[in-house]
Amino acid sequence: MFSILQPTRTCSILVRSFLIRGQPYFSPLSSLQSSNNYHSSQKQTILRSDVAKHIATKHGMSLEKATLIIRDALDFIIDNVANNKLVKLSLFGKFEKRLLKPKIGRNFATGEQVDVPAMVRPVFRPLRGFKDHVKNKHVED
């Protein structure tokens, strides 16, 4: 085992953090990530489990029940969008299935034209309440 890990410049840029003699070493990349900048390339990711924990603690229910509620809500949205229904959640957004027309694309490597077939995509459009809240939150920060 090594008693000390000496990073090279390349290693310190690629590695977020590691321990040197039991003390955390933060690379230049990790110091950039800690800034709460709007234009930061790294944003904190909130997972479904984080949402379940928040709901469970806020409403005094078990984590399993909160997870089940979130899963059922998402399954409901997905099933209805797949069945070509518009799911609209007021002050949040709407989910829908959209048909994209066939088109002629281009292979950038070779430059040749490629036929892109018609396809179906799920689409989310934020509604005004959601957009306004994000916009006002950005102005405050």
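Our structure is the block above this text.
The rules behind these values
- Residues numbered from 1 in each chain as written.
- Predicted model: local features only at pLDDT ≥ 70, side-chain atom pairs only at ≥ 80, totals over all residues.
- Heavy atoms only, no water.
- Pairing = 2+ DSSP bridges.
- Helix = DSSP H or I, 4+ residues; strand = E, 2+ residues; numbered from the N terminus.
- Axes fitted to C-alpha atoms, helices over the stretch in contact; angles between N-to-C directions.
- Contact = heavy atoms within 4.5 Å.
- Salt bridge = Lys/Arg side-chain N within 4 Å of Asp/Glu carboxyl O.
- Phe/Tyr/Trp six-rings, centres within 6.5 Å; stacked < 30°, edge-to-face > 60°.
- Buried < 20%, exposed > 50% of the residue type's maximum accessible area, 1.4 Å probe, protein only.

Draft legend 1. Region of interest: the sheet that holds strand β3 (residues 87-89). An order of β3-β4-β7 is seen for the 3 strands of this open sheet, with the pairing classed as antiparallel. Unpaired on one side and paired on the other, β3 and β7 (119-126) mark the two borders of the sheet. In this sheet, neighbouring strand axes are inclined to one another by 25° on average, regardless of whether the strands run parallel or antiparallel. Sheet topology places β3 next to strand β4 (residues 93-100); 3 bridges connect them, and they run antiparallel. Following the sheet pairing, Lys-88 is matched in β4 by Lys-94. Sitting on the sheet, helix α4 (residues 63-82) is in contact with β3 and β4, with an inclination near 35° to β4.

Draft legend 2. Inspection of the pattern of salt bridges at higher detail. Across all of its chains, the model carries 1 salt bridge by this definition. A salt bridge links Glu-96 to Arg-98, with the shortest nitrogen-to-oxygen separation between them at 3.2 Å.

Draft legend 3. Structural context of the packing of aromatic side chains. For the structure on display, the rule yields 5 aromatic pairs. For the ring pair Phe-92 and Phe-95, a centre distance of 6.5 Å and an interplane angle of 35° mean the geometry is tilted. For Phe-92, a relative accessible area of 34% translates into the label partly exposed. On the basis of an interplanar angle of 75° and a centroid distance of 6.3 Å, the ring pair of Phe-124 and Phe-130 is categorised as edge-to-face. Look at Phe-124 and you get partly exposed, because its relative accessible area is 32%. Residue class for Phe-130 comes out partly exposed when judged on its relative accessible area of 31%. One aromatic cluster in this structure is built from Phe-92, Phe-95, Phe-124 and Phe-130.

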